[in-house]
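Spelled out, the chains give:
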Amino acid sequence: MINLQSDIVNLPTDAMWSAMQDAELGWVIDREDRNVRRLEELSAEKMGKEAGLFVLTGRMATLVAVMTTCRRGNQVILEENAHIVWSQEWGLAYVVGAFPRILPGRAGVLSPEAVESAICESRFKHRPTTDLVCLENTHNMAGGTVWTKAQTDAVCEVAHRHGARVLLDGARVFHAAIALGLSAADLASNCDIVTFNLTKGLSAPAGAVLCGPRSLIEEAYRHLGHIGAHAFHKAGMLAAAGIVALETMVDRLAEDQTRAKRFAKSLSELEGVFVNLESVHTNIVMADISASGLEAGRFLEALEERGIRAHKYTTGMIRFTFHRHITDSDADSAVAAVADVLRETRD
Ligand SMILES: *Cc1c(COP(=O)(O)O)cnc(C)c1O
């Protein structure tokens, strides 16, 4: 099976398995695990921040970031298709009591004007306080699209001018940085907090890291306790794999992106499928198959019979995600399978 469903399907590398096997474990509660500390330092360094905090999932990282920066009843600004909006059961409202202020974006990108008017909006002298503005780069739902450094900085400037902090939900921030030819630290230099996943393109078995100013990260660790997640026993084993991920897996993401673009181009040449090539920025390709007459679920079943697994986004849209297990010839097989399904539905 050629699995293009997501980049979370990839497995740890041999070097990660050995690092896990060899990891000497410390007492995590006292922050005495050598690998956890090293992973946190290395992550902070890569993001150009003072400190890092290793947590179990990307969602946990963003939740703890909201817990650390937002007061009950205050506003958090989010783009309407942000991962935090559709995938976390409104944890920011349930756990923190923060109010999500949802703004429409373009390919996942918020305009500084829209953010400013949401912060400044007042009626009869009433005006809510905005504590946090969330950005997502790359943007998952928009198909791995990238916020440029200028777009990021413009929103950061507005947020900071009004006393709000900026959280970059950067589950795939290294993909964005590579697509832009920048370091992640450069890209995120004006964001207060950055979260990123070790489990997606980086291929580690578990974990995400929250990076930011030291005082804020210390506070975040306390909040991790509030949701029962600070005693992450044996985290050192997973951190050891995470270190290998950061040291060896970042640069190779470029390869997945080149392959995704080539795949998108081939797919766009088929009749019955539409791919907006301009929005293929990184390792994700969205294909609109509504003209084929097949509903996405049925289309995926037909692909599955041909040894290709992809992901259903909407009834007319399927997603292909590239990662380290996918070769050029796998990509060609996927194109051939799509062509075959389209041919069959035409006949
Ligand atoms: C995958 C993803 C997450 C969630 O990460 P988990 O480790 O699955 O919780 C958060 N934000 C974005 C943008 C993502 O793509």
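Coordinates for the structure precede this section.
Only a predicted model underlies this, so the values are computations on that prediction, with no experimental measurement involved. (Residues numbered from 1 in each chain as written. Predicted model: local features only at pLDDT ≥ 70, side-chain atom pairs only at ≥ 80, totals over all residues. Heavy atoms only, no water.)

Chemist: Sorry, what's going on with the pattern of salt bridges here?
Modeler: Once the charged atoms of two side chains with opposite charge are near each other, the side chains can pair. In the structure shown here, the tally under the stated rule is 22 salt bridges. Arg161 is the partner of Glu157 in a salt bridge, and the nearest nitrogen-oxygen pair spans 2.7 Å. Of this pair, Glu157 and Arg161 both sit in helix α7 (residues 149-161), four residues apart, which is roughly one turn of the helix. In this structure, the salt-bridge partner of Arg262 is Asp332, at a minimum N-O distance of 3.2 Å. Of this pair, Arg262 sits in helix α12 (residues 253-268) while Asp332 is found in helix α14 (residues 328-346), placing the two residues 70 residues apart along the sequence. One network of salt bridges, in which partners are shared, links Arg252, Glu255, Asp256, Arg259, Arg262, Asp328 and Asp332. (Salt bridge = Lys/Arg side-chain N within 4 Å of Asp/Glu carboxyl O. Helix = DSSP H or I, 4+ residues; strand = E, 2+ residues; numbered from the N terminus.)

Chemist: Is there a simple way to explain the nonpolar core in this structure?
Modeler: Soluble globular proteins: nonpolar side chains tend toward being buried together. Phe54, Phe174 and Leu198 are the most contacted members of the largest nonpolar core, which has 57 residues in total. The biggest single contributor to this core is helix α11 (residues 235-248), with nine residues. Not counting the four nearest positions on each side in its chain, Phe54 is found in contact with Val36, Leu39, Glu40, Leu198, Ala206, Gly207, Ala208, Val209, Phe232, Ala235, Leu238 and Ala239. (Core = buried A, V, L, I, M, F, W, Y, C linked by side-chain atoms within 4.5 Å. Buried < 20%, exposed > 50% of the residue type's maximum accessible area, 1.4 Å probe, protein only. Contact = heavy atoms within 4.5 Å.)

Chemist: What exactly am I supposed to notice about the packing of aromatic side chains here?
Modeler: Working definition: an aromatic ring pair is given by the centre-to-centre distance plus the angle between the planes. In total, this model carries four aromatic pairs according to the counting rule given. Measuring from ring centre to ring centre gives 5.3 Å for Phe54 and Phe232, while their planes differ by 25°; the resulting arrangement is stacked. Taken together, the residues Phe54 in strand β2 (residues 51-55) and Phe232 in the loop between α10 (214-226) and α11 connect sequence positions 178 residues apart. A residue is classified by how much of its surface remains accessible, and Phe54, at 4% relative accessible area, is buried. Between the aromatic rings of Phe174 and Phe196, the centroid separation amounts to 5.3 Å while the plane-to-plane angle is 80°, which identifies the pairing as edge-to-face. (Phe/Tyr/Trp six-rings, centres within 6.5 Å; stacked < 30°, edge-to-face > 60°.)

Chemist: What is the right way to read the side chain of Asn137 from this model?
Modeler: Here Asn137 shows up in the loop between β5 (130-136) and α7. Of the polar contacts made by the side chain of Asn137, one reaches the backbone oxygen of Trp147; its length is 2.9 Å. The contact partners of Asn137, leaving out residues within four places of it in the chain, are Thr145, Val146, Trp147, Thr152, Leu168, Asp169, Gly170, Arg172, Val173, Ala176 and Leu187. (Polar contact = N/O pair within 3.5 Å; in protein donor to acceptor, adjacent residues only side chain to side chain.)

Chemist: Can you walk me through the site of the ligand in this structure?
Modeler: What surrounds the ligand is the set Thr57, Gly58, Arg59, His83, Glu136, Asn140, Asp169, Ala171, Arg172, Asn197 and Lys200. Taking Gly58, its main chain carries an N or O atom lying 2.8 Å from an oxygen atom of the ligand. Side-chain polar atom of Arg59 to an oxygen atom of the ligand: 2.8 Å apart, as the coordinates give it. Here the ligand has 380 Å² of accessible area as a free molecule, and 90% of this is covered by the chains. Partitioning the shell around the ligand into residue classes produces one nonpolar, five polar and five charged. (Near = heavy atom within 4 Å. Areas by Shrake-Rupley, 256 points an atom, 1.4 Å probe, with all protein chains shown as cover. Nonpolar A, V, L, I, M, F, W, Y, C, P; charged D, E, K, R; others polar.)

Chemist: Would you take a moment to explain the pairing of strand β11 (residues 311-314) for this structure?
Modeler: Successive side chains on a regular strand alternate, one facing one side of the sheet and the next facing the other. The pairing of β11 with strand β12 (residues 317-321) spans three bridges and is classified as antiparallel. Counted as the bridge partner of His311 is Arg319 from β12. In sequence, β11 turns back onto β12 through a hairpin of two residues. (Pairing = 2+ DSSP bridges.)

Chemist: Would you mind going over the pairing of strand β6 (residues 165-169) with me for this structure?
Modeler: The buried fraction of β6 is high, at four of five residues. Two elements, β5 and β6, share five bridges in a ladder whose sense is parallel. Across the sheet, Val133 pairs through a bridge with Val166, a residue of β6. For the crossover that starts at β5, traverses α7 and ends in the parallel β6, the hand is right-handed. (Right-handed = clockwise from strand over helix to strand, strands pointing away.)

Chemist: Whenever I open this one, the sheet that holds β6 confuses me. Can you help?
Modeler: Through backbone hydrogen bonds, the strands of a sheet pair up, either in parallel or in antiparallel fashion. Taken in spatial order, the seven strands line up as β2-β8-β7-β6-β5-β3-β4 in an open sheet, and their pairing is mixed. Strands at the two margins of the open sheet, each flanked by one partner only, are β2 and β4 (99-103). The sheet shows a mean angle of 20° between the axes of neighbouring strands, direction not considered. The sheet contact formed by strand β7 (residues 193-197) and strand β8 (residues 208-212) spans four bridges and is antiparallel. Residue pairing in the sheet places Asn197 in a bridge with Ala208 of β8. (Axes fitted to C-alpha atoms, helices over the stretch in contact; angles between N-to-C directions.)

Chemist: Help me understand the sheet that holds β12 in this model?
Modeler: The strand order β9-β12-β11 describes an open sheet built from three strands, whose pairing is antiparallel. On the outer flanks of this sheet lie β9 (284-288) and β11, each paired with one strand and no other. If you compare each strand with its neighbour and ignore which way they point, the axes differ by 30° on average. Relative to β12, β9 runs antiparallel, the two sharing five bridges. What sits directly across from Ala287, in β12, is Ile318. Across the face of the sheet, α12 comes into contact with β9 and β12 while running at roughly 15° to β9. Contacts from helix α13 (residues 296-305) reach β11 and β12, with the element oriented near 40° to β12.

As far as function goes, none of this settles anything; it's purely spatial.
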